[in-house]
Every structure is written in structure tokens, then in C-alpha cells.
Amino acid sequence: MLYQLYELQHAALQPVRAFTEAQAQALKLPYLPMNYTAAARTMAAGLELFNNITRRYPKPEFGLATTKVDGETRKVTERIVLRYPFCQIIRFEREGCEERRDPKLLIVAPLSGHYATLLRGTVEAMLPNHDVYITDWIDARDVPLKEGAFGLDDYIDYVREFLDHLGPGCHVMGVCQPSVPVLAAVALMSAMKDPNTPRSMTLMGGPIDTRLSPTVPNDLAQEHSIEWFEHSVINRVPLPHAGFMRPVYPGFIQLTGFMTMNLDRHVGAHVRLFHHLIKGDGDSAKAHNDFYDEYLAVMDLPAEYYLQTVKRVFQDHDLPLGRMTCHGDPVDPKAIRRTALMTVEGEKDDITGLGQTMAAHDLCTNIPAHRRAHHMQAGVGHYGVFNGRRWREEIAPKVTAFIRQHDHD
């Protein structure tokens, strides 16, 4: 019923939003003298803030029209090269770079509530030196029930099939949550001596072993049974969505959790937006809106995948304890021998604690020392591991150098 109530509330607010949007626009008309008064600016700011808080945010665009390659501006075109029910692969084609033979890089974006566009900065930093592909996960509420379930094993299968599509010599990067299925996929491919096994694997801020430096989300998973999660947060998609009756972990519940973790910061940000709007500080207001257009755009997760991830990754620790399987086949990281491994962590990460990603090195014992690297970035939290100035200037160059080093192993 929670999802239905959420949809009902959204529908009920539509007339109110239409009225407030019209009022806000009227209060910005330059030829009305009253609009230059402090009272009008305050009212317009309040109406705009109301609309920002109550509206539904659509899936953002990557918006990466160009990149610089060797100092020259190149046009970038997004092209869907593979499409599955729950995910599609986007390639960022750089004009005039066909002969460069840059390393093929598959970026596996998190399936954790936000769209793959959250990794816009990640893609942007890797484009000048790589042939970049990214997993663009589909909102589960838009996947018809006839397409069947999607669990953690299916996620691993998808990663393997995506790597097979890219072919021999590719590289893979798992950002946050995908670190576990990416490591599992590479382990299974290595055990089978699959020729499409990637040359390198970069894991960034991922929950390989959540027993180390547990964070608030880790503690939440431990404090409640899997039955509690199933009864408390799983809902069925209501009409009129294409995924009607599909069991999902709704994005709006995930977003509530995100916001609650840093409630003071988010409230403060919106108070500052209110004052920026009153002052007419367009640049500061735009920066705020750009961030929240991305942050508040959320998607539903397949219930099977969500519950299995909570159970197997955060509660039972199957991977670090050597108990992980995929469709009954054992997942053994010791099978990885030739794939180079780099791990990246943030000093102030409050989602994936220090040591949780680095734990991959303890599992992949047969990777030679010269094919390993670890980087702990000082002064950044979870988001800063893959976005922002520190990512662009300090982390991305190290990842690029690591990939280049092992591109012909």
C-alpha cells in the first residue's frame, strides 16, 4: 500500500504544483513593478522551493557532448550497443578516435537507487584516454513482469555477458555496490579461462567485506532480519507503470534513507537555496539545482536483487567467507591470476568503510604483486571517490595509468 499512497500523494499535489509554478513565473515577470519588491522575491523563492521539494525528478542526461583528446576537442556521441530487459550498455563514441586503439573500459554503475548518470564525472574523466562503455540500469518499475525476476546471480551473469560483448583485452571498473558482482564475474571467467576475461579490474568504494569498519548502512543490515526488510520495504509497482505488480525496493524509500543519514546538511542546503533565490544569486541556485536534479532522481530496484544483496553481501558475508556461489557454481577469487587488480577507497567514506574494498586483495591471493595497486584518497567521502575535483585530479590519473600499464599483459 505504501507505493500506492506515494503515487496518490504525487497525483493529489499535481494541481497545487501547477498553480504554484504559474504563480512563481508570474512573480518573475520583469514588467511588473511589484516583482522587484522584497516581498515578491521572498514569495517567488518560497514557491520555487516548494516545487523543487514536491516534484518528481526524471532520469537525467549524461550531457557529455565533447571531450578533449590530446588537447583537441572531439565530439562525443552516446550509442546503445546492447540492450537487455534490466540494463543497456551505452558506448561514448569519440569522433575521429577510431584508430587510437585506446583501452576498452566497461564502467559498471551501481544498481542502488540512482541512475547511471550519477557517474557522469567518472565517465568524463576517463573519456580522453579510454573507449568508455557504461551499464545503464533500467528502472524496475518500467520492466514488465513477464521479463521475470532479476537477482544477484543474474547481475553477475549480466556483467559476464557484457564483458563477452566487449571481447578480449577489455578492462572493467566497478563503482561502489557492483564491486562484489564484478569480482565474482571475473573469478568465474578466470576459472573457465574465458578469453574475454578483462585485463584489469578496478574496484572503487565497494563492499567486498563489510565486517571491516562497518558504517551506518552496514549496521542497519545487521540489526534486522531479511524478513524484516522484505515486509518493511518491498512493495509492488502500481498502475500505470509498465512493471505493474513487480515486487521492488522503491527508489523513494531508498532516497528517504539517503536523506535521513545527512538530514541537517540537506535541510541547510535548501535553506541556503531559499536565500540565494531571494538575493537573485542565479549561479549558486543553479549549482544547488544541478546537484539535486541528479540526487533526487531515483529508480526502483528489483526486489530479488535487493534482498539477496542484503542477505549475501551485508549479512552473511558470503564472498569474504568463501561461500559465494552463482547458480550453484562456487565463486573463487583465487582463480584470478592474470587480471590486474586496483582498489580505491575514500578516507571519509561513510557508506563503504576503510578496508572494505581493499579486502579484495586478501581474497585474490594468486594475482602477482606487480599486478596489484591500492589507493586511499585523503579527505574524500563516498561520492568523492568517483566524482569531483579529487577524483579528476588525483584518483583518475592513477586509475588511467594502472589500466595503461596492464593493457598489453
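Rules behind the numbers
Residues numbered from 1 in each chain as written. Predicted model: local features only at pLDDT ≥ 70, side-chain atom pairs only at ≥ 80, totals over all residues. Heavy atoms only, no water. Pairing = 2+ DSSP bridges. Helix = DSSP H or I, 4+ residues; strand = E, 2+ residues; numbered from the N terminus. Axes fitted to C-alpha atoms, helices over the stretch in contact; angles between N-to-C directions. Parallel < 35°, antiparallel > 145°, perpendicular 65-115°, else oblique. Contact = heavy atoms within 4.5 Å. Nonpolar A, V, L, I, M, F, W, Y, C, P; charged D, E, K, R; others polar.

Colleague: Please explain the sheet that holds strand E14 (residues 372-377) as it appears in this structure.
Modeller: Pairing between the strands of a sheet is mediated by backbone hydrogen bonds and can be parallel or antiparallel. The strand order across the open sheet formed by 9 strands is E1-E2-E3-E5-E4-E6-E7-E13-E14, and the pairing between neighbours is mixed. Where the open sheet ends on each side, the last strands, each with one partner, are strand E1 (66-69) and E14. Geometrically, the sheet is characterised by an average inter-axis angle of 25° between neighbouring strands, direction not taken into account. Examined bridge by bridge, strand E6 (residues 171-175) and strand E7 (residues 200-204) share 5 bridges and lie parallel to one another. For Gly174, the partnering residue across the bridge sits in E7 and is Leu203.

Colleague: What is the right way to look at the environment of Ala303 in this model?
Modeller: If you trace the backbone, Ala303 turns up in helix H11 (residues 303-315). A C-alpha to C-alpha distance of 9.0 Å links Ala303 and Ala140, two positions 163 residues apart in sequence.

Colleague: Just checking my understanding: could you explain the packing of helix H6 (residues 216-223) against H11 for this structure?
Modeller: Packed helices, taken two at a time, are described by the angle between their axes plus the distance between the axes. Between H6 and H11, the shortest axis-to-axis distance is 10 Å and the interhelical angle comes to 105°. Classified by the angle between their axes, H6 and H11 sit roughly perpendicular to one another. Packed against H6, whose contacting residues are Asn218, Ala221 and Gln222, the element H11 presents Val310, Phe314 and Gln315 at the interface. Among the residues forming the contact of H6 with H11, the class breakdown is 3 nonpolar, 3 polar and no charged.

Colleague: Would you mind going over the packing of helix H4 (residues 152-166) against H11 with me for this structure?
Modeller: With their axes 8 Å apart at the nearest point, H4 and H11 run at an angle of 95° to one another. On the basis of the axis angle, H4 is roughly perpendicular to H11. Contact residues: Leu152, Asp153 and Tyr155 in H4; Tyr305, Gln308, Thr309, Arg312 and Val313 in H11. Along the lines of polarity and charge, the residues of the contact of H4 with H11 split into 4 nonpolar, 2 polar and 2 charged.

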